[in-house]
Each structure stands twice: as structure tokens, then as C-alpha cells.
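A structural walkthrough
Below, each chain spelled out in residue letters.
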Amino acid sequence: MKTVRVIPCLDVDDGRVVKGVNFVGLRDAGDPVELAAAYDRQGADEIVFLDITASAHNRDTIIELARHTAEEVFIPFTIGGGIRSVDDARALLRAGADKVSVNSAAVARPELVREIAGEFGTQCVVVAVDAKSNGAGADGSTTWNVYVKGGREDTGIDALDWVRQVADLGAGEILLTSMDADGTKAGFDLELTRAVVDAVEIPVVASGGVGTLQHLVDGALIANADAVLAASIFHFGEHTIADAKRALLDAGVAVRPPTA
Amino acid sequence: MNGDRPLVAVLDYGIGNLRSAQKALERVGADARLTADAGLIADAAGVVLPGVGHFGTCMDQLRSTGLEQPALDAIESGRPFLGICVGMQMLFEASEEAPGVPGMGVMPGTVRLLPDGIVRPQMQWNRLDVQRPSCPLLAGLTDGAWMYFVHSYAPDTDPELVAATCDYPTPITAVTERGRLWATQFHPEKSGDAGKRLAENFLAAVRADQCRR
């Protein structure tokens, strides 16, 4: 049985949780470990931490976060942001992270995906892909490009080609964020998500744009995502993880039942 | 050795996240040590073999760190032993993931790739279908407990040794039992309260075994 995972995402800056709106205008929402433990109690299936500063001096802070989280949280968690080498990945995994998420470093050097997967296994390598629509082409079909630097820089790489490439290199999962939808609260880019789900065999986490519980349902039912990720609707108490699970169950999506 | 907090050796052979397994056992009252010390492993009341990643890499690491023999000795002694994920798979004779690399061979059968046409890896929570309700590891978990799985391969073994399966979408070996040698394809250390209960059950088995000796 396929069950859809519900994953709250915590953007972390220097050890504190923030949530970007289109990656601009950050708002502090508290202690990441405390929030993660609360989500665990609510029945979250995994937690994702994205280190948005990711400067070199910040590595120790994020490793400490992994260490502290592993002591308090007993569901899987992923850490992304600033991972540029096998050594960076090793430090986080040894500290207790289950997966590491790579984004721009993989675009700059795709072999990084193969190296981390070769050393620690494909299950721990998430490739985060920030994709933005190029609009409809001459034949009427939409294409998307991969963006880096928080959506500011177009790499010119086709998103579907990229996800196939990283899957071949050993990615265990794709964390797909639509740069068009992110921060809009208008729902996932369902067409993009569906296209990526169809392009690869590995699990795809849909991200970017969730404003209502129905958006999560749409991501699971219409786009066929393996997991749905959201941040602000959970962080500011609009909805609990349990609300999300109940909405998915009511719509006929199999999930691990809510615990709170 | 402190009887209240039994010594449980979590084998550290240099792979990824082993710390979570240690923390999960500490949480339920074990004196859990991440260790590569054969002496400590021989003294431990229970032994845990975690594992993530590639079967061949894990077997190579287990052998190059000299921990295969201490693990085999622990199993042979009849002390409670728990293999987790690839730590389960390594107990078998071989894996399709690494043809030609022998497993530890203390459980019969081969680890096989999950069927085509499904998302691989299975990276999700799934419900246990308990085949052997008497399995002490599954005490209190017989009513469809949810556990976290991350794997593309699973053991194909003697049904008599399978204590629980999960549906994906055919029955996948999820828990095996041969005496006090247990193994789980899922990660109890990542399975929230249900995983905590399994860790408590393992520790109860460790304590019961200590009393017998």
C-alpha cells in the first residue's frame, strides 16, 4: 500500500526557524528542535530542515541541530542547505540526520549525488529541485527550468531532464519546489509535480504554494506525489498535522493515521 | 554491568546514521553504546546491528572493521540480537544488490529487489501484518502498527521465520525471528511510538535473557 507522507518544513537561519515568503521577508517562528518534536507528536511523517543561510561558519550550528534533533525526535528528518561535499553529508548523517538534501551544489557538480549515494546509500540523498515555468512552448506544452540561488538564477537546465539525471546518479528522492507557486498559498504547481512524478521511479515530495488542506489533497490525488510538504500553514497554527491527515483520509488518500 | 540499564552494543562500522538507533535504545532504558570494540560487544547483554545504504558497502565495512566475527559470536551465544534494515539484510546469505558478496548467512534466503512497477525505494510508513503474534518483539504491536520503511530490497526467506510482513503491494518481509535473533526491515528508531514499543520489547527480551544466565 502506498501511503502519502505529510512533511512540515522548517527553514532555519543560524539555528532558528524562519519562513520565507518567496524567499524574502523572513519571520522568526521559534526553536527548530522544539517545533520538530511538536510535529512528531502531532503525527508528522518526517521533518525537513532547510538551512537557508548555509554559510561556512554556520556548519557547526546545523550539525548541532542534527545532533539535538536526534535526541528529541524519533521520526526521520532531512537536512538541506550548504551541503557541498561528502564530508558535509557525513557530518550531518553521523550526527543523526537520516537524509541530506543537495541543491545548487549538485547543479554545479552532479557527481556529488553519486558520491554521497555511493558512500551512504541512495536512501539518504534527496535532490532538491527549484523549478520555474518557461510558459507554453510552440507545441503548447509547458517546460520548466531548474533555478538556483533561491530562485534568482536560471541554470538553463530542463527540470525533467535534471530529475532523470539525478535519479540515474543515485538520488533516493526528489524534493520539488515550484518557484512560481512558492509563497503564493495558491496550491502546488500540479502540472509540474505530475510531470516529475511521471519522469522518475523514485519518490517525489511536492513543495511550494500550500495555503489550504485541499492543496495537500490535490498534490496527492491529482499530481500523485509521494509526499506533501508545507511550512506556514503548520507553523502559524492555521492547521495541525492531524487536520492535514484527516483531510487526506477523507479524500481517500492512504496516510498513517493522525495521532493528535 | 548495571542490571537496571542493560548494556546494549550498537555496532559502529562506519556507515551513516547509527546514532538514532543508539538514542532510541537509551530512551527506553538501555545503556546503549555505539562501539567497534569486540570486548565490549562480547560483554553486552544485547547487540544491535543497524544498517543503511548499499548491501555490498555495508558488508565490506562490517568485514573491514573486524565486526563480522563478534556479531556472529553474539548470535551464536543466543543473546538477544536485533538487525535493522540493511542490518537485517546482512544476516541472510546474499543480496541481489551485490551479487557475489556473501552475507553473514545466519538466516536462510536471499535479499531480493522489490517488484517492478512500484515506487522504489519504499520510503514511507506502512502497517505491519503480524504473522506470528507470539513474537515477543511485537508484543502490543499486533494490531496493525505503523512503521517507517526505507528500502529497495527485502529478504526472501522461509515463511516459518517471518514474524510480520507489510503490503507493498505484495507481502514484504518486515520482521524475522529465529530464537532470539530478530530483525526488522523498517527502522524502529524512526517509527515514533510504535518503534519505541518495539525497542522496549527488545530491551525486555535482553533483561529476561540476563535473568536466565
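Described in the following lines is the structure provided in the data block. (Residues numbered from 1 in each chain as written. Chains lettered and ligands numbered in written order. Predicted model: local features only at pLDDT ≥ 70, side-chain atom pairs only at ≥ 80, totals over all residues. Heavy atoms only, no water.)

1. A short note on the sheet that holds strand S10 (residues 153-156) of chain B
All names here are of chain B. Sheet architecture is open: three strands sit in the order S5-S6-S10, paired in mixed fashion. Either end of the sheet is taken by a strand with one partner, and the two such strands are strand S5 (94-95) and S10. Direction of pairing for strand S6 (residues 110-113) relative to S10: antiparallel, over a ladder of four bridges. Residue pairing in the sheet places threonine 110 in a bridge with aspartate 156 of S10. (Pairing = 2+ DSSP bridges. Helix = DSSP H or I, 4+ residues; strand = E, 2+ residues; numbered from the N terminus.)

2. A word on unusual backbone geometry
Trans is the prevailing form of peptide bonds, just as negative phi is the prevailing case for residues other than glycine. Between arginine 120 of chain B and proline 121 of chain B the backbone carries a cis peptide bond, its omega angle lying at 0°. Its place among the elements puts proline 121 of chain B in the loop between S6 and strand S7 (122-127). A cis geometry characterises the amide bond from tyrosine 168 of chain B onward to proline 169 of chain B, with omega recorded as -25°. Within the secondary structure, proline 169 of chain B is located in the loop between strand S11 (162-167) and strand S12 (171-178). With phi around 50°, aspartate 14 of chain A is a residue other than glycine that occupies positive phi space. Its location among the elements puts aspartate 14 of chain A in the loop between strand S1 (5-13) and strand S2 (16-18).

3. As for the environment of isoleucine 75 of chain A
Checked against the element boundaries, isoleucine 75 of chain A lands in the loop between helix H2 (59-72) and strand S5 (77-80). Overall, isoleucine 75 of chain A belongs to the buried group, its relative accessible area being 0%. As a C-alpha pair, isoleucine 75 of chain A and aspartate 45 of chain A span 30 residues in sequence and 6.7 Å in three-dimensional space. In contact with isoleucine 75 of chain A, not counting residues within four places along its chain, are Asp40, Ala44, Asp45, Glu46, Ile47, Asp98 and Arg256 of chain A together with Trp125, Lys190 and Gly192 of chain B. (Buried < 20%, exposed > 50% of the residue type's maximum accessible area, 1.4 Å probe, protein only. Contact = heavy atoms within 4.5 Å.)

4. Re the environment of valine 33 of chain A
Residues and elements named next belong to chain A. Checked against the element boundaries, valine 33 lands in helix H1 (residues 32-42). Look at valine 33 and you get buried, because its relative accessible area is 5%. Along the chain, valine 33 and glycine 15 lie 18 residues apart, while their C-alpha atoms are 9.3 Å from each other. Setting aside residues no more than four positions away along its own chain, valine 33 makes contact with Leu65, His68, Thr69, Glu72 and Val73.

5. Section: the pattern of salt bridges
Where charged atoms from two side chains of opposite charge come close, those side chains can pair. Residues and elements named next belong to chain A. Across all of its chains, the model carries 30 salt bridges over all chains by this definition. Between glutamate 173 and lysine 99 there is a salt bridge, and its shortest N-O distance comes to 3.1 Å. Here lysine 99 lies in strand S6 (residues 99-102) and glutamate 173 lies in strand S10 (residues 173-178), a separation of 74 residues in the sequence. When the shortest N-O distance is used, the salt bridge between aspartate 161 and arginine 164 registers 3.6 Å. Of this pair, aspartate 161 and arginine 164 both sit in helix H6 (residues 159-169), three residues apart, which is roughly one turn of that helix. (Salt bridge = Lys/Arg side-chain N within 4 Å of Asp/Glu carboxyl O.)

6. Comments concerning the interface of chain B and chain A
In this complex, chain B contributes 32 residues to the contact, which on the side of chain A involves 35 residues. Contact with chain A buries area across many residues of chain B, yet Arg19, Met123 and Trp125 of chain B alone supply 25% of it, more than any other trio. Here chain B and chain A share four salt bridges between them. The salt bridge involving aspartate 12 of chain B is made with arginine 94 of chain A; its shortest N-O contact spans 3.2 Å. Taken together, the connections running from chain B to chain A amount to 18 residue pairs in polar contact (both at pLDDT 80 or more). The set of elements that each furnish at least two residues to the side of chain B that touches chain A consists of helix H1 (19-27), S7 and strand S9 (146-151) of chain B. Broken down by element, the residue count for the side of chain B that touches chain A peaks at five residues, all from H1 of chain B. Each residue belonging to the side of chain B that touches chain A can be placed in one class, and the counts come to 13 nonpolar, 11 polar and eight charged. (Buried area = accessible area lost by both parts, 1.4 Å probe. Polar contact = N/O pair within 3.5 Å; in protein donor to acceptor, adjacent residues only side chain to side chain. Nonpolar A, V, L, I, M, F, W, Y, C, P; charged D, E, K, R; others polar.)

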